Amino acid sequence: MPGHDEVDRIVDSWLRERPDLDFAPLQVLSRVARLSKHLDRARRTAFSRSELASWEFDVLSALRRAGSPFELSPKALLQQTLVSSGTMTNRIDGLVERGLVKRRSAPNDGRGILVGMTPAGLSRVDAAITRLVEAEAALLATLSVSDQERLAGLLRKLSLDFD
């Protein structure tokens, strides 16, 4: 077993002060919270190196995952990014201003709109996902492939109730 980390020290202190409580949840979730901060930092760095904000990456990556021609309705973007319609409108406006997406009328619905990625948007999101995967691989480098698979399975099991 590797050495003690900060969570071990925190839990040990709590156990000394409050031996009546079960601190097992802190053993897991405090580590998840601390790792989340490292992941956020790695993501921000990967995105900024591609001249994208995190929210811009979220929208562009949803379009990229849709496949060619990299278009989705605003409603589909809402469902994938979990933001309000007003927020999505502002995000699309910002991406249009930057030349990363364009709007067009949906061909089968005169009132509908499709949001599509421009070549500049495609280039940026592809660069960002490459950098992100590299950064995340570096964060997991101390774990074997089987440990990573086991951890992914446990985190998936835990997150199913929230998704």
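This text follows the structure it describes.
The structure displayed is predicted, hence computed values, not measured ones.

## Side note on the overall build of the protein chain
Right, so step 1: Helix and strand counts for the protein chain stand at 7 helices and 3 strands.
Right, so step 2: Here the C-alpha radius of gyration of the protein chain, 21 Å, is well above what a compact globule of 163 residues would show, namely 15 Å.
Right, so step 3: In terms of principal-axis extent, the alpha carbons of the protein chain reach across some 65 × 30 × 25 Å.
Right, so step 4: Counting only residues that meet the buried cut, the protein chain has 25% of its 163 residues in that class.
Right, so step 5: Of the contacts formed within the protein chain by residues at least 6 apart in sequence, a portion of 49% connects residues at least 24 apart.
Right, so step 6: Surface exposure of the protein chain reaches about 11100 Å², of which carbon and sulfur atoms provide 57%.

## Thoughts on a nonpolar patch on the surface
Right, so step 1: A cluster of nonpolar side chains, Val-28, Leu-29, Val-32, Leu-139, Leu-140, Leu-151, Leu-155, Leu-158 and Phe-162, forms an exposed patch at the surface whose accessible area comes to about 800 Å².
Right, so step 2: Taken together, the elements giving at least two residues each to the nonpolar patch come down to helix 2 (24–49) and helix 7 (145–159).
Right, so step 3: Locating Leu-140 in the fold gives a position in the loop between helix 6 (119–139) and helix 7.
Right, so step 4: The class for Leu-140 is partly exposed, based on a relative accessible area of 34%.

## Side note on unusual backbone geometry
Residues other than glycine predominantly adopt negative phi, and peptide bonds predominantly adopt the trans conformation.
Right, so step 1: Cis peptide bonds are those with omega within 30 degrees of zero, and the linkage from Ser-68 to Pro-69 qualifies with 15°.
Right, so step 2: Summarising the element assignment, Pro-69 is placed in the loop between helix 3 (54–65) and strand 1 (71–72).
Right, so step 3: Positive phi outside glycine occurs at Phe-70, with the angle close to 60°.
Right, so step 4: When you line up the elements, Phe-70 lands in the loop between helix 3 and strand 1.

## Details of the pairing of strand 2 (residues 101–106)
Right, so step 1: Bridge count between strand 2 and strand 3 (residues 109–117): 6 bridges; the pairing is antiparallel. Bridged to Arg-103 within strand 3 is Val-115.
Right, so step 2: Two successive antiparallel strands, strand 2 and strand 3, enclose a turn made up of 2 residues.

## Considerations on the packing of helix 2 against helix 6
Packed helices, taken two at a time, are described by the angle their axes make and the gap between the axes.
Right, so step 1: Contact geometry of helix 2 with helix 6 gives a least axis separation of 8 Å together with a crossing angle of 150°. Considering their axes alone, helix 2 and helix 6 lie roughly antiparallel with respect to each other. The crossing of helix 2 and helix 6 is right-handed. Between helix 2, through His-38, Leu-39, Ala-42, Arg-43, Ala-46, Phe-47 and Arg-49, and helix 6, the contact on the second element is made entirely by Ala-128, Arg-131, Leu-132, Ala-135, Glu-136 and Leu-139.

## Let's talk about the packing of aromatic side chains
Right, so step 1: The tally for this structure, following the rule as stated, stands at 2 aromatic pairs.
Right, so step 2: Measuring from centroid to centroid gives 6.1 Å for Trp-14 and Phe-23, while their planes differ by 20°, and the two rings are stacked.
Right, so step 3: Classification of Phe-23 by relative accessible area gives buried; the value is 9%.
Right, so step 4: Centre to centre, the rings of Phe-47 and Phe-57 are 4.2 Å apart; their planes meet at 20°, and the pair counts as stacked. Taken as a pair, Phe-47 in helix 2 and Phe-57 in helix 3 lie far apart in primary sequence, 10 residues in all.
Right, so step 5: On the basis of relative accessibility, which here comes to 6%, the residue Phe-57 falls in the buried class.

## Side note on the packing of helix 3 against helix 5 (residues 85–97)
Right, so step 1: At a closest axis distance of 11 Å, the pairing of helix 3 and helix 5 adopts a crossing angle of 90°. Judged by the inter-axis angle, helix 3 sits roughly perpendicular to helix 5. Between helix 3 and helix 5, the residues in contact are Trp-55, Glu-56, Val-59 and Leu-60 and Met-88, Arg-91 and Leu-95, respectively.
Right, so step 2: Here the residues of the contact of helix 3 with helix 5 sort into 5 nonpolar, no polar and 2 charged.

The rules behind these values
- Residues numbered from 1 in each chain as written.
- Predicted model: local features only at pLDDT ≥ 70, side-chain atom pairs only at ≥ 80, totals over all residues.
- Heavy atoms only, no water.
- Helix = DSSP H or I, 4+ residues; strand = E, 2+ residues; numbered from the N terminus.
- Rg over C-alpha atoms; globule rule 2.2 N^0.38 Å.
- Buried < 20%, exposed > 50% of the residue type's maximum accessible area, 1.4 Å probe, protein only.
- Contact = heavy atoms within 4.5 Å.
- Areas by Shrake-Rupley, 256 points an atom, 1.4 Å probe, with all protein chains shown as cover.
- Patch = residues over 30% accessible without salt bridge, like charges linked within 9 Å, V, L, I, M, F, W, Y side chains within 5 Å.
- Salt bridge = Lys/Arg side-chain N within 4 Å of Asp/Glu carboxyl O.
- Pairing = 2+ DSSP bridges.
- Axes fitted to C-alpha atoms, helices over the stretch in contact; angles between N-to-C directions.
- Parallel < 35°, antiparallel > 145°, perpendicular 65-115°, else oblique.
- Left-handed = near helix turned anticlockwise from the far one by under 90°.
- Phe/Tyr/Trp six-rings, centres within 6.5 Å; stacked < 30°, edge-to-face > 60°.
- Nonpolar A, V, L, I, M, F, W, Y, C, P; charged D, E, K, R; others polar.

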